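An overview of the molecular structure
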Amino acid sequence: MYGMLASGLIDIVVEDTLKPHDYMALLPVIEGAGGVVTDRFGKKINLKSDGSFVATCSQDIHKQVIKILNL
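Everything numeric here is computed off the predicted structure, so don't read it as measured data.

The subject of this paragraph is the side chain of D39. With respect to the helices and strands, D39 occurs in the loop between β2 (36–38) and β3 (53–56). We note that D39 is buried and unpaired, the nearest opposite charge coming from K43 at a distance of 5.4 Å. Separated by 2.9 Å, the side chain of D39 and the backbone nitrogen of F41 make a polar contact. With residues up to four places along the chain from it excluded, the contact list for D39 reads I45, D50, S52, V54 and I66.

And the structure:
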């Protein structure tokens, strides 16, 4: 999924209950391709994140996804 996002084939990936070893290597790949990554509350991902992971192709789409997830 993340390769497809970084390649521009899909726009959104949302996951939950991930561990740091599941997501930390994805950050430079997605962000390097121009994507945006946060947790479900819009907070920057770090080693102490809650395991939620929202990756999108752009800042505008990311804001919309975070808003919908937190209704």
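Moving on from the model shown.
Tracing the backbone through its elements, the reader meets S49 in the loop between β2 and β3. You can call S49 buried: its relative accessible area is 17%. One polar contact links the side chain of S49 to the main-chain amide nitrogen of N46, over a distance of 2.8 Å. Residues within four places of S49 in sequence aside, it is in contact with Y23 and K44.

So, about the sheet that holds strand β1 (residues 12–15). Taken in spatial order, the three strands make up an open sheet running β1-β3-β2, and their pairing is antiparallel. The open sheet is flanked by β1 and β2, the only strands paired with a single partner. Taken over all neighbouring pairs, the strand axes of this sheet differ in orientation by 5° on average, direction set aside. Note: β1 against β3, four bridges, orientation antiparallel.

What counts as what
- Position labels on residues start from 1 in each chain and follow its written sequence.
- Since the coordinates come from a predicted model, pLDDT governs what is reported: local features require at least 70, and pairs of side-chain atoms require 80 or more to be given and counted, while whole-chain, interface and lining totals use all residues.
- To obtain the side-chain values, all non-hydrogen atoms of the structure were included, while hydrogens and water were left out.
- Comment: elements are numbered from the N terminus, with helices defined as DSSP H or I runs of at least four residues and strands as E runs of at least two.
- The buried label applies to any residue whose accessible area, calculated with a 1.4 Å probe on protein chains only, is under 20% of its type's maximum; exposed applies above 50%, and partly exposed to all values in between.
- We treat Lys and Arg as the positive residues and Asp and Glu as the negative residues; His and chain ends play no part in the count.
- Throughout this description, the term salt bridge denotes a Lys or Arg side-chain nitrogen within 4 Å of a carboxyl oxygen of Asp or Glu.
- In the analysis that follows, any N or O atom pair within 3.5 Å is treated as a polar contact, provided that within protein one partner can donate a hydrogen and the other can accept it, and provided that, for residues neighboring in sequence, both atoms belong to side chains.
- Residue contacts follow a heavy-atom distance rule, with two residues in contact if any of their heavy atoms lie within 4.5 Å.
- One requirement defines pairing of two strands: DSSP has to find at least two bridges between them.
- Axes here refer to lines fitted to C-alpha atoms; in helices the fit is confined to the stretch in contact. Angles between the N-to-C directions go from 0 to 180 degrees.

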